Structures are given as structure tokens and as C-alpha cells.
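Okay, here's what each chain looks like letter by letter:
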Protein chains: 2
Amino acid sequence: MKVISTIKELRAELSKERQEGKTIGLIPTMGYFHQGHLELMRRAREECAVVVVSLYVNPTQFAPSEDFESYPRDFERDKRLAENVGVDYLFCPSNAEMYLPNHLTYVEVEKITNKLCGASRPHHFKGVTTVVAKLFNIVKPDKAYFGQKDAQQVVVIRKMVEDLNFDLEIVVVPTAREEDGLAMSSRNTYLSAVEREEALVLSKSLQHAKELIDSGERIAQKIKEEMQKLIKSKPHVNLEYISICDHKTLEELSRIEGETLIALAAKAGKVRLIDNIVIRD
Amino acid sequence: MKVISTIKELRAELSKERQEGKTIGLIPTMGYFHQGHLELMRRAREECAVVVVSLYVNPTQFAPSEDFESYPRDFERDKRLAENVGVDYLFCPSNAEMYLPNHLTYVEVEKITNKLCGASRPHHFKGVTTVVAKLFNIVKPDKAYFGQKDAQQVVVIRKMVEDLNFDLEIVVVPTAREEDGLAMSSRNTYLSAVEREEALVLSKSLQHAKELIDSGERIAQKIKEEMQKLIKSKPHVNLEYISICDHKTLEELSRIEGETLIALAAKAGKVRLIDNIVIRD
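Since the structure is predicted, the reported quantities are computational estimates derived from the model, not experimental observations. (Residues numbered from 1 in each chain as written. Chains lettered and ligands numbered in written order. Predicted model: local features only at pLDDT ≥ 70, side-chain atom pairs only at ≥ 80, totals over all residues. Heavy atoms only, no water.)

### Quick look at the sheet that holds strand β7 (residues 169-173) of chain B
Adjacent strands of a sheet pair through backbone hydrogen bonds, lying either parallel or antiparallel. Residues and elements named next belong to chain B. Spatial ordering of the open sheet is given by β1-β4-β3-β2-β6-β7, a layout of six strands whose pairing is parallel. The two strands at the open ends of the sheet, each matched to only one other strand, are β1 (2-4) and β7. Neighbour-to-neighbour, the strand axes of this sheet turn through a mean angle of 25°, independent of strand direction. Relative to strand β4 (residues 89-91), strand β3 (residues 50-55) runs parallel, the two being bridged by three bridges. Directly across from V52, in β4, lies its bridge partner Y89. The strands touched by helix α1 (residues 7-19) are β1, β2 (24-29), β3 and β4; relative to β4, the strand with the most contacts, the crossing angle is about 150°. (Pairing = 2+ DSSP bridges. Helix = DSSP H or I, 4+ residues; strand = E, 2+ residues; numbered from the N terminus. Axes fitted to C-alpha atoms, helices over the stretch in contact; angles between N-to-C directions. Contact = heavy atoms within 4.5 Å.)

This is the structure we're talking about:
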């Protein structure tokens, strides 16, 4: 595995690979790898001749009040894990490499970025789409891999790819979970023992929603109320939102119909966690 | 020359060309070709194995009050002219091909798009950068050609390419002028005889600015006043702005120093015209 920190060097390497007709897979990450990241890498390893992982904690997707500074980082461990999965290039640019001091250009997906997580994180997705567009232009992958864990991110990036005609395929990989069901997240490392225990209610409430739907419930409000009841029983977990929405437009649904996204965000202590399931009715 | 109207077909053709190792040059246009467009095509013809001209009157760069509907169009003439210059592909997508009904994604360059023409056309450059980003992703050119006539557009697109890491070279071609000096523009076709005659004052005022600078004047305000005096002498010409600014940041300068852009916009009758010169001190 080659560790590369400059755009110029990465481009030179990938240009050679491309000339040999090899397909390129990209996994954009912010590092501090868990099984979810490794699943994305394994999937890319199966499907592409060349696997590129970018490891970059992107400042433009954090608000000043958020955890950019304290976002967990462990480069040596990440490097070892990526190498073990068979990644070819680990791209770790500096902030100076990614953003010029006079950076002025942003890619923004409107409307669907104001809902769900976007309601409480108004500039988040503008930062995400901008850095992902940059990574797409730097790497020019045939396929790019994202986790279903970040459901809204997947919807927003798919829309960007469609609207701006990026010539690549987005591959979405199921959410990796701990044995007890907690969605894996780099931020889980912040959880205290009691927060970790109580945070389990998030995936349980989604499972409960699925059971309600399987047993015939179709009224979104009833399902939300049942989920809220479960989550409110945990004093360290503060619900931010539950959304039952169309899986493409993210418009709230009053009835479960067709492909439905059930997504939620909550804080366990100070740690913001998200989770979701997609129901195919 | 192949005339192509779908993204899919254009991609298939260019993919074959690229596999043969051919370089691709793109000239994005809104059609109604004049010598300025043909110069861009000739330059691309000299420098690239494959020349693609896009002909698309992009609705997102016109405000509702502007001349999108009446923008001059003459497809058969454009086709003949492009073919005569040796263009390989003329890409003429429909609006439905370029923008899905639920289009949500925009590329925006901040700050430098609020100055000069952006002050009176606040959404114009957002439309330009969005459609140019789309064309870059569709065509994936090695080089893209723009005219110096649209000086601010050149600065904005260069910034977008730099900030979003588009892997291509921007080539800027000098403004094509009529024999008497009027900058060529598709909109010149709208000018009445008297407007056409009086519009000449725009290029003359820029020439006068150059002469003042050549003879030692460095105070921007003095140069502007001299230019204004000339332009005000023409009753059918209404000046919108004169800007004497840094050629990259578009910040107004009080003194001429280094590479300076002198740009102006005015209406001759109802026809909005722009022109500029770059002074290399």
C-alpha cells in the first residue's frame, strides 16, 4: 500500500493505473476505521482493480461548535487496517493541500440538505458535497463506496452525481453493526459505559418500527410515537429527530408506501449518533 | 462532424477516442457563432486530436427578466460554420437532457461572482459554473477554451477548476473584434445602426485607457473619469460599470499595478454589451 499526501503524486500514480485499463474504486473516509469502513474497502477490493481510500477530516463539513478538533484520529492504526484489507493507495492530504487559502467554490445540493440532519447542521452537506466533488475530480474513480449508515449523505451524493453528471457509480454498503445492534461509528469511542448501553435503544427502536410495519401498521405518526416512547425511556439519550420519509426526496410521509427511509439522530450524552433502516414495502 | 444530442451517445463516442489516447478539447458555447467562437474552435483544432463544441443556451444563467427566450439562435448556420472549421462533435442537448425536472445541485464560486457583471446579474455565474461543471464531467476534456471577451467568466471558471480540482487546462483566447474595434458578440445582431455606431465608444474608451497608462497615468479614478466622459458623449449608450481591478481577485484597484483588468458593461439601446482589456504593467 502506498501512502500519498499530495494530489499531484496521487494523480500521477492513478494515471498510470488508468492507462493500463484498470478500474478504480474510491472510499472517501475521515479515518478512525471500524468494521463499517473495512466493509467498504473489502467490497471495493472485490470489485475494482485499484482501491483508493482517502483519509481526510474535512473541516468544511463541521460547524465551529462541532467536534472537528476532537474528531478521533489514529493514523498508524488506520494505515495498518487499510493495508490488511488490501488497499492500494491511502490518500492523506493536509488541509493546505485540499483547500487553498483563497478557496471560494462550493457544490451545494438544495432542499434535501435542509431536512433530517441538515436541519440542525445547516452547512454540513455543503462541506460534504464540496469535498466529495473534489475527491471525485482528483481520483476519477469508476466506483465510489459509501455506507448506508449515513443515509442522507448517500441520498445527497447520489443527487449530486446525477445532477452534475459525474461519470461514476455510487455503491452503498449496508450499515455495519456491533453484535448487539448498535450502528458502528467512529464517534462511538466517546460513549461512556452507560451511554453505550442506552444508545442501543436507537437500533432497537428502528427494529421495533420494522416489526410494526411487518405486522401491518402503515401510519407514520403511530410508528414515530412508538419509537419516541422507547427512546424517551433512556435518560441519557436525547432524540433530535425521527424521520419517516421518501428514500429519494426525503419528504416526510404520513403513510408507509414503497421504499421508505426511517432515520433518526440523537445525542447519547454529548455524542451525536445517527441510525436508519430502509423499508421496502 | 457528428451532431449529438444525448449525453449517453457523446460519452460513448468520446470514450472510444480517449481509449485511443487522443486529447479532447471542449468549447462550451451558446451558439450563434461569430469569429470569436470560430477562433476558439481553430485554436482547439490546432491543439487537440478531438474537438467538441457544445451548443446550449443554458437557462440557469439567465434571470427571468433577461433575454433567454430571445437569445439569437441559428442552428443550421452554426452547424455549417463548425463543420467548416473542422469540429468533430457538435453537442446540442435539449433542456430536458441537461436538467432533470428535480435538479437540485449547483456549483457556486463566492465573492468574485458578486462583482462586475455579477452585481447586476446575481445568479448568472451560478448558472455558468453549474453548466460548465456538468459539461466538464460529460466531456472530460484535456483542454477547455474560453474567450477573453467574457473576462469575469474566465476568472470564475479558472477559480472553479482550481478549487474543485478539475483535471484540465483552461485556454483563454483573445477577444475577436470587428474591423473598427467593436468586440464580437452574438448580441451585436440586436443593435440598430445608430446603436452599432455609438457602441464603438466602448472599445475606444478601453483603448484610451491603455494610452493613458502607456503615457504614465496610474490613478484608476482618473482613468475611469476619462472613460466615462467618452462614453457619456454617446446618448444611446448607458454605462453600467467600469472596473479597474486585480485580474484574479477582481478587487478594485486605486493604482494600476501588475496585471490589471479594465472591464466595462453598458447598454446600447436595450442590448447589454461587455468589453475589457488586460494591462500588463
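### A few points about the pairing of strand β5 (residues 105-109) of chain B
Among the five residues in β5(B), four count as buried, and that is most of the element. Examined bridge by bridge, strand β5 (residues 105-109) of chain A and β5(B) share five bridges and lie antiparallel to one another. Within the sheet, the bridge partner assigned to T105(A) lies in β5(B) and is V109(B). (Buried < 20%, exposed > 50% of the residue type's maximum accessible area, 1.4 Å probe, protein only.)

### Details of the environment of M98(A)
Residues and elements named next belong to chain A. For M98, the position within the fold is in helix α4 (residues 95-98). We classify M98 as buried; its relative accessible area is 1%. Through-space distance from the C-alpha of M98 to that of A133 is 12 Å; in sequence the pair is 35 residues apart. Among residues more than four places away in sequence, those in contact with M98 are Y56, F91, P93, V131, K134, L135 and I138.

### What about the relation of the copies chain A and chain B?
For the pair chain A and chain B, the superposition axis carries a translation of 0.0 Å, the fit reaches an RMSD of 0.0 Å, and the rotation angle comes to 180°. As the rotation angle and translation indicate, the two copies are arranged about a two-fold axis. Across chain A, the rotation axis passes nearest the C-alpha of V107(A), at a separation of 2.3 Å. Of all interface residues in chain A, 100% are interface residues in chain B too; the two copies therefore contact each other through one and the same surface. (Least-squares fit on C-alpha atoms with pLDDT ≥ 70 in both.)

### Side note on the sheet that holds strand β9 (residues 259-268) of chain A
All names here are of chain A. Pairing is antiparallel in the open sheet, where three strands are placed in the order β8-β9-β10. Every interior strand has two partners, whereas the edge strands, β8 (237-246) and β10 (271-280), have only one. Neighbouring strand axes in the sheet, compared pairwise and without regard to direction, differ in orientation by 15° on average. Sheet analysis places β8 next to β9, joined by nine bridges and oriented antiparallel. Across the sheet, Y241 pairs through a bridge with A265, a residue of β9. Along the sheet, helix α9 (residues 220-232) makes contact with β8 and β9, crossing β8 at roughly 160°.

### Re the nonpolar core
With 96 residues, the main nonpolar core has L10(A), V52(A), F136(A), M160(A), F136(B) and M160(B) as its most contacted residues. Not counting chain neighbours up to four residues away, the residues in contact with M160(A) comprise V107(A), V109(A), T129(A), V132(A), A133(A), F136(A), N165(A), F166(A) and T105(B). (Core = buried A, V, L, I, M, F, W, Y, C linked by side-chain atoms within 4.5 Å.)

### With respect to the domain arrangement of chain A
Residues and elements named next belong to chain A. Split by domain assignment, chain A resolves into domain 1 (2-173) and domain 2 (186-280). If you average the C-alpha positions of domain 1 and of domain 2, the two centres end up 26 Å apart. At the interface, 21 residues of domain 1 touch 19 residues of domain 2. Counting each side, the surface lost to burial between domain 1 and domain 2 is near 1,700 Å², with a carbon and sulfur contribution of 54%. (Domains from an automatic or database assignment. Buried area = accessible area lost by both parts, 1.4 Å probe.)

### Brief notes about the UniProt feature "binding site: beta-alanine" (unreviewed entry) in chain A
Residues and elements named next belong to chain A. Here, the residues flagged by UniProt with the feature "binding site: beta-alanine" (unreviewed entry) are Q61. Here Q61 is to be found in the loop between β3 (50-55) and α3 (75-85). The exposure class of Q61 is buried, given its relative accessible area of 10%. One polar contact links Q61 to N58, side chain to side chain, over a distance of 2.9 Å. (UniProt positions renumbered as here; feature names shortened; annotations may be inferred. Polar contact = N/O pair within 3.5 Å; in protein donor to acceptor, adjacent residues only side chain to side chain.)

### Points about the UniProt feature "binding site: (R)-pantoate" (unreviewed entry) in chain A
Residue and element names in this part refer to chain A. Mapped onto the present numbering, the UniProt feature "binding site: (R)-pantoate" (unreviewed entry) falls at Q61 and Q153. In three dimensions, the annotated residues from a span of 93 residues occupy one location, with a maximal C-alpha spread of 11.6 Å. Residues contacting Q61, with those up to four places away along its chain left out, are M30, E66, R121, H124, G127, V128 and V131. Following the sequence through the fold, Q153 ends up in helix α7 (residues 151-163).

### Topic: unusual backbone geometry
Although it is not a glycine, K140(A) sits at a positive phi angle of roughly 45°. Within the secondary structure, K140(A) sits in the loop between α6 (124-139) and β6 (143-147). Look at K111(B): it is not a glycine, yet its phi comes out positive at around 60°. Mapping K111(B) onto the fold places it in the loop between β5 and α5 (117-120). For K111(B), a relative accessible area of 58% corresponds to the exposed category.

### A word on the packing of α1(B) against helix α6 (residues 124-139) of chain B
Residues and elements named next belong to chain B. The N-to-C vectors of α1 and α6 enclose an angle of 50°; their axes lie 9 Å apart at closest approach. Judged by the angle between their axes, α1 and α6 are oblique. Between α1 and α6, the residues in contact are I7, L10, R11, L14 and R18 and N137, I138 and V139, respectively. The residue makeup of the contact of α1 with α6, split by class, is five nonpolar, one polar and two charged. (Parallel < 35°, antiparallel > 145°, perpendicular 65-115°, else oblique. Nonpolar A, V, L, I, M, F, W, Y, C, P; charged D, E, K, R; others polar.)

### Considerations on the interface of chain A and chain B
Taken together, the 29 residues of chain A in the interface contact 29 residues of chain B. Each partner contributes to the roughly 2,600 Å² buried at the junction of chain A and chain B, and carbon and sulfur atoms together form 49% of this total. The interface formed by chain A and chain B contains six salt bridges. Two residues, D167(A) and R11(B), come together in a salt bridge whose shortest N-O distance is 3.9 Å. Our enumeration of links across chain A and chain B arrives at 22 residue pairs in polar contact (both at pLDDT 80 or more). Contributions of two or more residues to the side of chain A that touches chain B are made by α1 (7-19), β5, α6 and α7 of chain A. Examining the composition of the side of chain A that touches chain B, we find that six residues originate from one element, α6(A), more than from any other. Of the residues belonging to the side of chain A that touches chain B, the class tally is 12 nonpolar, six polar and 11 charged. (Salt bridge = Lys/Arg side-chain N within 4 Å of Asp/Glu carboxyl O.)

### A closer look at helix α3 (residues 75-85) of chain B
Residues and elements named next belong to chain B. What α3 keeps buried is the set D78, A82 and V85. Angular distribution of buried residues about the axis of α3 spans 60°; they occupy a single face of the element. Set apart from the buried face of α3 by more than 90 degrees, the exposed residues are R80 and N84. At its buried positions, α3 is contacted by α2 (35-47) and β3. Once α3 finishes, G86 follows within two positions and takes phi at roughly 95°, a positive value. (Arc of directions from axis to C-beta.)

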